[in-house]
Amino acid sequence: MKLKNKTLTNETKILFLDFDGVLNSYEEGSYKTHSSEEYGPSITICNKIIKLCKETGAKIIISSNWRKFNPDGWYIFDGIKYKNPLAKVYELLGEYIIDTLPPEKHVTKAIALILWFEETNYKGDRWVILDDDYREELGSTTDYNINKHYIETNPEFGITDKNIEQIEKIIK
């Protein structure tokens, strides 16, 4: 299957990446300051992902709820106006991004994952979901062994070296 000019096979190693609390953190970057003009990913965390992708051949699927909005748009959350951070994510990680989850606005992330698996017919077992909010987004679904592939990040730190080790155990 071809996705955004990239080939997907059942051997493809995949990182389903959320944004808030995963690619940024309370400790570093715009998630800490909530700077609406500078809202974007942590360079340090993105460098960890780049290194992981280079070393393992992993590809990225954007799973963040930001995928549901215009990448160049501004949005108001809790009374604060934010620029969609995915444009910066594509600048930093675009070489490794092959797709996004379906952008349907009124479905849970678990349903979007299931739709993606069904639409792509991906049957591989070398994938992980990185998210900081499992209960809200993924629930307790057993479809596609989502629980087995889930790595919960701490929004205080985003992706840590320990998370990288967990990812490597699943995708290698």
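Coordinates for the structure precede this section.
Heads up: these notes are all about the structure in this document. (Residues numbered from 1 in each chain as written. Predicted model: local features only at pLDDT ≥ 70, side-chain atom pairs only at ≥ 80, totals over all residues. Heavy atoms only, no water.)

A short note on the overall build of the protein
Along its length, the protein carries seven helices and nine strands. Looking at the protein residue by residue over its 172 residues, the buried ones come to 49%. If you take every contact in the protein between residues at least 6 apart in sequence, the share linking residues at least 24 apart comes to 65%. (Helix = DSSP H or I, 4+ residues; strand = E, 2+ residues; numbered from the N terminus. Buried < 20%, exposed > 50% of the residue type's maximum accessible area, 1.4 Å probe, protein only. Contact = heavy atoms within 4.5 Å.)

Looking at unusual backbone geometry
One non-glycine residue with positive phi stands out, namely Asn121, at about 60 degrees. Secondary-structure assignment places Asn121 in the loop between helix 4 (109–120) and strand 8 (127–131).

Considerations on the sheet that holds strand 7 (residues 97–100)
Read across the open sheet, the five strands follow the order 7-4-3-8-9; overall the sheet is parallel. Of all strands in the sheet, those bounded by a partner on one side alone are strand 7 and strand 9 (150–152). Across this sheet, the average inter-strand angle for adjacent strands is 25 degrees, counted without regard to direction. Here strand 8 pairs with strand 9 via three bridges, running parallel. In the sheet register, Asp131 faces strand 9, and the bridge partner there is Glu152. Contacts from helix 4 reach strand 3 (14–17), strand 4 (59–62), strand 7 and strand 8, with the element oriented near 150 degrees to strand 3. Across the sheet, helix 7 (residues 161–171) is in contact with strand 3, strand 8 and strand 9; its angle to strand 8 comes to roughly 155 degrees. (Pairing = 2+ DSSP bridges. Axes fitted to C-alpha atoms, helices over the stretch in contact; angles between N-to-C directions.)

Focus: the packing of aromatic side chains
A full pass over the atoms with the stated rule returns eight aromatic pairs. Summarising the aromatic geometry, the rings of Trp66 and Phe69 are spaced 6.2 Å apart at their centres and angled 70 degrees between planes, so their arrangement reads as edge-to-face. Residue Trp66 is classed as buried on the basis of its relative accessible area of 6%. For Phe69, a relative accessible area of 26% gives the class partly exposed. Arranged with centres 5.3 Å apart and planes meeting at 80 degrees, the rings of Trp116 and Phe117 form a pair that is edge-to-face. Taking the relative accessible area as the measure of exposure, Phe117 reaches 2% and is therefore buried. Ring-pair connections join several aromatic residues into one group, and the members of that group are Phe16, Trp116, Phe117, Tyr122 and Trp127. (Phe/Tyr/Trp six-rings, centres within 6.5 Å; stacked < 30°, edge-to-face > 60°.)

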